[in-house]
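Given next are the chains, with one letter for each unit.
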Amino acid sequence: MTLRLHDTAARTVREFQPVTPGRASVYLCGATVQGTPHLGHLRSAVSFDILVRWLEACGYQVTYCRNVTDIDDKILRVAAAEDIPWWALAERNLRAFTDAYDALGCRPPDVQPRATGHIPEMIELIERLIAGGHAYQAGGDVYFDVRTDPEYGELSGQRLAEMRPAEETDAESALKRDPHDFVLWKGAKPGEPSWRTPWGPGRPGWHLECSAMSTHYLGSTFDIHGGGIDLIFPHHENERAQSTTAGDRFARYWVHHGLVVLSGRKVSKSEGRALAAADALSQVRPQELRYYLGQAHYRSPLDYSQEALEEAVAAYQRIERFVSRAQHAVSSREAGQPDPRGAPAAALPISFAAAMDDDLAVPAALAAVHATVHDGNYALSTGDTESIATCLTQTRAMLTVLGLDPLDPVWQTGDPGGRLHSVVDALVELVLRERETARARGDYASADSIRDTLEDTGVAVDDTTEGPRWELRR
């Protein structure tokens, strides 16, 4: 199979055929940093991290661009309420986003442009639109004339007459030719940041920012434009309109992920229903939260509940226990094990690769992971070292694509170089030898007491055919 992705514009699943063979360009609408990240932001990051990882596993050279909106009405309002400079608020929150992405093991984008760093590109795009008769100046503002785009509404599947008008103030309404026209450039207002342009000082509109940044880094035609389904209209519809009428072919595939919901309603700051990333990360380990956020199909809504989070934690820990035991079982082999990171698609189980090629069907891909873990656990019970090694390599290769390999150094941040684990391992092994000595002489009371003491300190002991094994209880 070849990779097939659901294209929002086509309303169907299409075979992925990149602009340039062997290369893939991906643009993701990133954070508007008026606040700290919540679970919705993290799901977006994880969903597209999995897409990028799979593209790379399939052999594509990926250019991944994820923008930062660091100037916006919301940012200005929050900064004014906190009585701090708008740029200080944006920088503070951007650091919180970066920390959350890093905690979840997300691959950093190749470029992370900020809106305020690309004003010249935005001015040039507006000039092209005005010259083509698709934009007009009114007062200190510049607006896009939606009626000059015969394809306006095709991305979201709407007719212009049925659309809700763009959000506006009374003053803006009086300046527009049509209530559906949207702002490209906002004239300067007292106390707000502004940049000089041929139309007077002001700042960019939200939709304009992404069109200018995506094409600047990925070219006038690029492969994948992504974001949440809540961005399809008006944001992505407007991006598409202003870019294509300016002469750019723009994105070939529009990929949108479902939202995180709570009791069926969108999780967002604006609705007062946001679960902060920091709160979620305080409840479970980052890799467990990543498993939870990535386990559903990316286009499906993810209904948050404590029970669902706990189920995801338990499922990930079953995988983790197998990897730990299997790694210990094969670690004494002279040949060692190949590093599964970056394994090509051909080296992965067929069922896993087929699932990922089928519009990133992660639930089916995880089923392949758990099936391999089941086979691996059976091999552990029978002492079949060859099968253990095969299952371990396959499991880690699949988990690498999903960003969930328990042995990835990204999850070992609390123990640089593994020194602490080595010390604890030596101490626990010493205690376990005392336990085995007590069992050998028939002193089962002492042996049980030693095991109970280890359990009380958080060390789980598993008696296997190869002798006792231990791990920290999670």
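Residues numbered from 1 in each chain as written. Predicted model: local features only at pLDDT ≥ 70, side-chain atom pairs only at ≥ 80, totals over all residues. Heavy atoms only, no water.

So what about the overall build of the chain? Which residues, and what values?
Within the chain one finds 15 helices and 15 strands. Taking all 474 residues of the chain together, 50% fall into the buried category. Sequence separation of 24 or more characterises 74% of the internal contacts of the chain that already satisfy a separation of 6 or more. Taken as a whole, the chain presents about 21,400 Å² of accessible surface, with 51% of it coming from carbon and sulfur. (Helix = DSSP H or I, 4+ residues; strand = E, 2+ residues; numbered from the N terminus. Buried < 20%, exposed > 50% of the residue type's maximum accessible area, 1.4 Å probe, protein only. Contact = heavy atoms within 4.5 Å. Areas by Shrake-Rupley, 256 points an atom, 1.4 Å probe, with all protein chains shown as cover.)

Lay out empty space enclosed by the protein with the relevant residues and their values.
Within the structure shown, the criterion is met by six cavities of 30 Å³ or more. Estimated volume of the second largest cavity: approximately 60 Å³. Considering the residues around the second largest cavity, the lining is formed by Arg43, Ser47, Ile50, Leu293, Gly294, Ala296, His297, Tyr298, Leu360 and Val362. Going through the elements one at a time, α1 (39-57) and α9 (286-294) are the ones with two or more residues in the lining of the second largest cavity. With three residues, α1 is the largest single contributor of residues to the lining of the second largest cavity. (1 Å grid on protein atoms, 1.4 Å probe; cavity = no way out; pocket = protein on both sides within 12 Å on 5 of 7 lines; lining within 4 Å. Points joined across faces, edges and corners; volume = space filled by probe spheres on them.)

Hey, could you go over the sheet that holds strand β7 (residues 182-187) for me, with residue numbers and the actual values?
Reading across the sheet, the four strands line up as β5-β6-β7-β8 and stay open at both edges, with antiparallel pairing between neighbours. Looking at the sheet topology across the chains shown, the edges are occupied by β5 (135-138) and β8 (202-204). Recorded for the sheet is a direction-independent mean angle of 25 degrees between the axes of neighbouring strands. (Pairing = 2+ DSSP bridges. Axes fitted to C-alpha atoms, helices over the stretch in contact; angles between N-to-C directions.)

Quick rundown of the environment of glycine 22? Include the residues and the values.
Structurally, glycine 22 can be placed in the loop between β2 (12-15) and β3 (23-28). Spatially, the C-alpha atoms of glycine 22 and glutamate 56 are 9.9 Å apart, while their sequence positions differ by 34 residues. Excluding its chain neighbours within four sequence positions, the residues that come into contact with glycine 22 are Gly59, Tyr60 and Gln61.

Residues and numbers for the pairing of β7, please.
With respect to burial, β7 is a largely interior element, six of its six residues being buried. Bridging between strand β6 (residues 141-144) and β7 involves three bridges; their strand directions are antiparallel. Its bridge partner being in β7, phenylalanine 144 is matched across the sheet by phenylalanine 182. Where β7 meets β8, three bridges bridge the pair, whose relative direction is antiparallel. Bridged to glycine 187 within β8 is glycine 202.

Which residues make up the packing of aromatic side chains, and what values go with them?
All chains considered together, the criterion is met by eleven aromatic pairs. A centroid spacing of 5.0 Å and a plane angle of 20 degrees characterise the contact between phenylalanine 144 and phenylalanine 182, whose relative ring orientation is stacked. With phenylalanine 144 in strand β6 and phenylalanine 182 in strand β7, the pair connects residues that are 38 residues apart, well separated along the chain. Given a relative accessible area of 0%, phenylalanine 144 falls into the buried group. Look at phenylalanine 182 and you get buried, because its relative accessible area is 2%. Here the aromatic cluster, defined as three or more aromatic residues joined through ring pairs, consists of Phe16, Tyr60 and Tyr253. (Phe/Tyr/Trp six-rings, centres within 6.5 Å; stacked < 30°, edge-to-face > 60°.)

Quick rundown of the packing of helix α11 (residues 350-357) against helix α12 (residues 362-382)? Include the residues and the values.
Following both chains from N to C, one finds α11 and α12 inclined at 170 degrees, their axes separated by 8 Å at the closest point. For the element pair α11 / α12, the angle class is roughly antiparallel. Contacts between α11 and α12 involve Ser351, Phe352, Ala355 and Met356 on the former and, on the latter, Val362, Ala364, Ala365, Ala368 and Val369. Across the contact of α11 with α12, the residue classes tally to eight nonpolar, one polar and no charged. (Parallel < 35°, antiparallel > 145°, perpendicular 65-115°, else oblique. Nonpolar A, V, L, I, M, F, W, Y, C, P; charged D, E, K, R; others polar.)

Requested: an account of the nonpolar core, with residues and values cited.
Of all hydrophobic cores here, the largest spans 84 residues; its most connected members are Trp54, Leu289, Phe352 and Met356. It is helix α10 (residues 306-330) that provides the largest number of residues to this core, a total of twelve residues. Once residues within four sequence positions are removed from consideration, methionine 356 is found in contact with Leu3, Ile50, Trp54, Ala361, Val362, Ala365, Val401 and Leu402. Counting residues in each nonpolar core, the second largest holds 39 residues, with Leu129, Phe182, Phe222 and Leu231 among its members. (Core = buried A, V, L, I, M, F, W, Y, C linked by side-chain atoms within 4.5 Å.)

Pulling in residues and values, what's your account of unusual backbone geometry?
With an omega dihedral of 5 degrees, the bond running from phenylalanine 233 to proline 234 counts as a cis peptide bond. By the element assignment, proline 234 lies in helix α7 (residues 232-245). Its identity as a non-glycine residue notwithstanding, arginine 11 has a phi of 60 degrees, on the positive side. Looking at where arginine 11 falls in the secondary structure, it is placed in the loop between β1 (4-7) and β2. With relative accessibility at 43%, the residue arginine 11 sits in the partly exposed group. In this structure, phenylalanine 250 is a non-glycine residue whose phi angle is positive, near 65 degrees. Mapped onto the elements, phenylalanine 250 comes out in strand β10 (residues 250-257). Overall, the relative accessible area of 1% leaves phenylalanine 250 in the buried class.

Quick rundown of the side chain of histidine 257? Include the residues and the values.
Examined against the element boundaries, histidine 257 turns out to sit in strand β10. With sequence-adjacent residues up to four places away left out, histidine 257 is seen in contact with Ser44, Ser47, Phe48, Gly227, Gly228, Ile229, Tyr298 and Arg299.

Talk me through the packing of α10 against α12; I want residue IDs and the actual numbers.
In the contact formed by α10 and α12, the axes pass within 10 Å of each other and the chain directions differ by 40 degrees. Overall, the two elements α10 and α12 adopt an arrangement that is oblique. The interaxial crossing formed by α10 with α12 has left-handed handedness. For the pair α10 and α12, the contacting residues are Ala315, Arg318, Ile319, Phe322, Arg325, Ala326 and Ala329 in the first and Val369, His370, Val373, Gly376, Asn377 and Leu380 in the second. Tallied by class, the residues present in the contact of α10 with α12 amount to eight nonpolar, three polar and two charged. (Left-handed = near helix turned anticlockwise from the far one by under 90°.)

Which residues make up the pattern of salt bridges, and what values go with them?
Counted under the stated rule, the structure contains 26 salt bridges. Across the salt bridge formed by aspartate 359 and arginine 299, the nearest N and O atoms sit 2.9 Å from each other. Of the two residues, aspartate 359 sits in the loop between α11 and α12 while arginine 299 sits in the loop between α9 and β13 (302-303), which places them 60 residues apart along the sequence. For aspartate 359, a relative accessible area of 2% puts it in the buried group. For the salt bridge of glutamate 436 with arginine 439, the shortest nitrogen-to-oxygen distance reads 3.3 Å. Of this pair, glutamate 436 and arginine 439 both sit in helix α14 (residues 419-440), three residues apart, which is roughly one turn of that helix. For glutamate 436, a relative accessible area of 31% puts it in the partly exposed group. Relative accessible area serves as the criterion here: at 31%, arginine 439 is assigned to the partly exposed category. Put simply, Arg435, Glu436, Arg439, Arg451 and Asp463 are held in one network by salt bridges that share partners. (Salt bridge = Lys/Arg side-chain N within 4 Å of Asp/Glu carboxyl O.)

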